[in-house]
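Architecture and fold: a report
Okay, here's what each chain looks like letter by letter:
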Amino acid sequence: MIERRPFDTLGAANHGWLDAHHHFSFANYHEPARMGWGALRVWNDDVIAPRTGFPPHPHSDMEIITYVREGAISHKDNLGNAGRTAAGDVQVMSAGTGIQHAEYNMEGEQSRIFQIWIIPDARGGAPTWGTKPFPKDARSGDFVALASGIEGDEDALPIRANARVLGATLKAGDSAEYAFGDGRLGYLVPATGAVEINGVRIDARDGAAIRDESTIRVTALEDAELVLVDTAP
């Protein structure tokens, strides 16, 4: 089953400095049919105006993955971590027992991000933060693990959940396959470009909720940049 969730059906909130779209219930957007997808709890499609951002605020017991699509995000937290994550790269914050952080677009242009929250396998643990470059040409034509709590994904940023976040870039006409384990769920969003997933068309920034599919074959109808979450139910 592949359920297309068109971009124009997502929850939306425009705060001026932040234009946010929510694939799942978040903040003032509440949709009982979209409370999450397995351990995947949040997928926000955020556009952040230049020299603005999220002021310091706390989190706990959540794996928060930021995929930067355009521009850059600058991070600072109460543990002393600070860094800049640029387009195509990924940062991960394991909130654990609690962390306070700020995320700002310090650039002179807007930044676009996917903010993905995954429920950890267990509560607690020391909070951590990390960032890593993932050049787009290194994931051309295939899915590459960007953040993962699954054994064997040593090159990915670590998360404390039985899940992985993957990225791929495809040229128009090219295809890539991904195999799911028994009972696993998938959620795929093209950051750019339209694709077909097992024959179902998914346009840029649409969501594709995937279940009961042992393998998906993704074919790019135009040049596409993809993000996929593979999660336990």
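Every chain is numbered independently, its residues counted from 1 as its sequence is written. Residues qualify for local features only when their pLDDT is at least 70, as the model is predicted, and side-chain atom pairs are given and counted only at 80 or more; totals for whole chains, interfaces and linings, by contrast, use all residues. To obtain the side-chain values, all non-hydrogen atoms of the structure were included, while hydrogens and water were left out.

1. Some points on the UniProt feature "binding site: Fe cation" (unreviewed entry) in the protein
UniProt's entry tags His57, His59, His101 and Glu103 with the feature "binding site: Fe cation" (unreviewed entry), counted in the numbering of this structure. Considering the C-alpha atoms alone, the annotated residues occupy 47 residues of sequence yet fold into one spot, their largest mutual distance being 12.9 Å. Assignment of secondary structure puts His101 in strand β10 (residues 99-105). Note on His101: relative accessible area 6%, which makes it buried. With residues near it in sequence (within four places) discarded, His101 still touches Pro55, Pro56, His57, His59, His75, Lys76, Asp77 and Met93. Polar contact criterion, stated in full: a pair of N or O atoms within 3.5 Å, where within protein one must be able to donate a hydrogen and the other to accept it, and residues adjacent in sequence count only if both atoms are side-chain atoms. A polar side-chain atom of His101 sits 3.3 Å from a polar atom in the side chain of His59. UniProt positions are given in the numbering used here, feature names are shortened, and annotations may be inferred rather than shown by experiment. Runs of H or I in DSSP of at least four residues are treated as helices and runs of E of at least two as strands, each being numbered from the N terminus. Classification of residues uses two cut-offs on accessible area relative to the type maximum, computed with a 1.4 Å probe and protein chains only: under 20% is buried, over 50% is exposed, and between them is partly exposed. By the convention used here, residues are in contact when the closest approach between their heavy atoms is within 4.5 Å.

2. So, the packing of aromatic side chains
What counts as a ring pair is set by centres within 6.5 Å for rings of Phe, Tyr and Trp (its six-membered ring), and what kind of pair is set by the plane angle: stacked under 30 degrees, edge-to-face over 60, tilted for all other angles. Across all of its chains, the model carries 8 aromatic pairs by this definition. Ring centres of Phe143 and Tyr178 lie 6.0 Å apart, and the angle between their planes is 70 degrees; on these two criteria the pair is classed as edge-to-face. In this pair, Phe143 sits in the loop between β12 (128-132) and β13 (144-148) while Tyr178 sits in strand β16 (residues 175-179), placing the two residues 35 residues apart along the sequence. Residue Tyr178 is classed as buried on the basis of its relative accessible area, which comes to 9%. Aromatic rings pair up to connect Phe24, Trp43, Tyr67, Phe114 and Tyr187 into one cluster. Geometrically, a lysine NZ or arginine CZ counts as sitting over a ring once it is within 6 Å of the ring centre and also within 35 degrees of the ring normal. One residue, Arg69, lies across the ring of Phe114, its end atom 4.4 Å from the ring centre.

3. Notes on the nonpolar core
The nonpolar side chains of a soluble globular protein tend to be buried with one another. Residue types Ala, Val, Leu, Ile, Met, Phe, Trp, Tyr and Cys, when buried and joined through side-chain atoms within 4.5 Å, form a set referred to as a nonpolar core. Membership of the largest hydrophobic core comes to 27 residues, with the highest contact counts inside it found for Leu40, Trp43, Ile65, Ile116 and Ile118. If you list the elements that add at least two residues to this core, you get β4 (40-48), β6 (63-70), β9 (90-94), β11 (111-118), β13, β15 (163-170), β17 (185-192) and β22 (224-231). Among the elements that make up this core, the one with the highest residue count is β17 (4 residues). Other than its neighbours up to four places away in sequence, Ile116 contacts Leu40, Val42, Trp43, Glu63, Ile64, Ile65, Val165, Val227 and Val229.

4. What to know about unusual backbone geometry
Phi is positive for Ala27, which is not a glycine, with a value near 55 degrees. The phi torsion at Arg205 lies on the positive side, around 75 degrees, for a residue other than glycine. Looking at the element boundaries, Arg205 is found in the loop between β19 (200-202) and β20 (207-210). Of the residues examined, Arg205 reaches a relative accessible area of 18% and is grouped as buried.

5. What about the UniProt feature "domain: Quercetin 2,3-dioxygenase C-terminal cupin" (unreviewed entry) in the protein?
Under the UniProt annotation, the feature "domain: Quercetin 2,3-dioxygenase C-terminal cupin" (unreviewed entry) is placed at residues 151-230. Segment residues 151-230 splits into 0% helix and 57% strand. End C-alpha atoms: 14 Å apart.

6. Examining the sheet that holds strand β5 (residues 52-59)
Strand order in the open sheet formed by 4 strands is β5-β10-β7-β8, with antiparallel pairing between adjacent strands. Both edges of this open sheet fall to β5 and β8 (82-86), since each of them pairs with a single strand only. In this sheet, neighbouring strand axes are inclined to one another by 20 degrees on average, regardless of whether the strands run parallel or antiparallel. In short, DSSP must find at least two bridges between two strands for them to pair. Sheet topology places strand β7 (residues 72-77) next to β8; 5 bridges connect them, and they run antiparallel. When the sheet's bridge partners are listed, His75 is paired in β8 with Gly83. Every axis corresponds to a line fitted to the C-alpha atoms, with the helix fit spanning only the stretch in contact, and the corresponding angles, defined between N-to-C directions, vary from 0 to 180 degrees.

7. Details of the pairing of β4
The element β4 is extensively covered by neighbouring structure, given that 8 of its 9 residues are classed as buried. When strand β3 (residues 18-22) meets β4, the two strands line up antiparallel, connected through 5 bridges. Opposite His22, over in β4, you have Asn44 as the bridge partner. Alignment of β4 against β11, held across 8 bridges, turns out to be antiparallel. Looking at the pairing, Asp46 lines up with Ile113 of β11.

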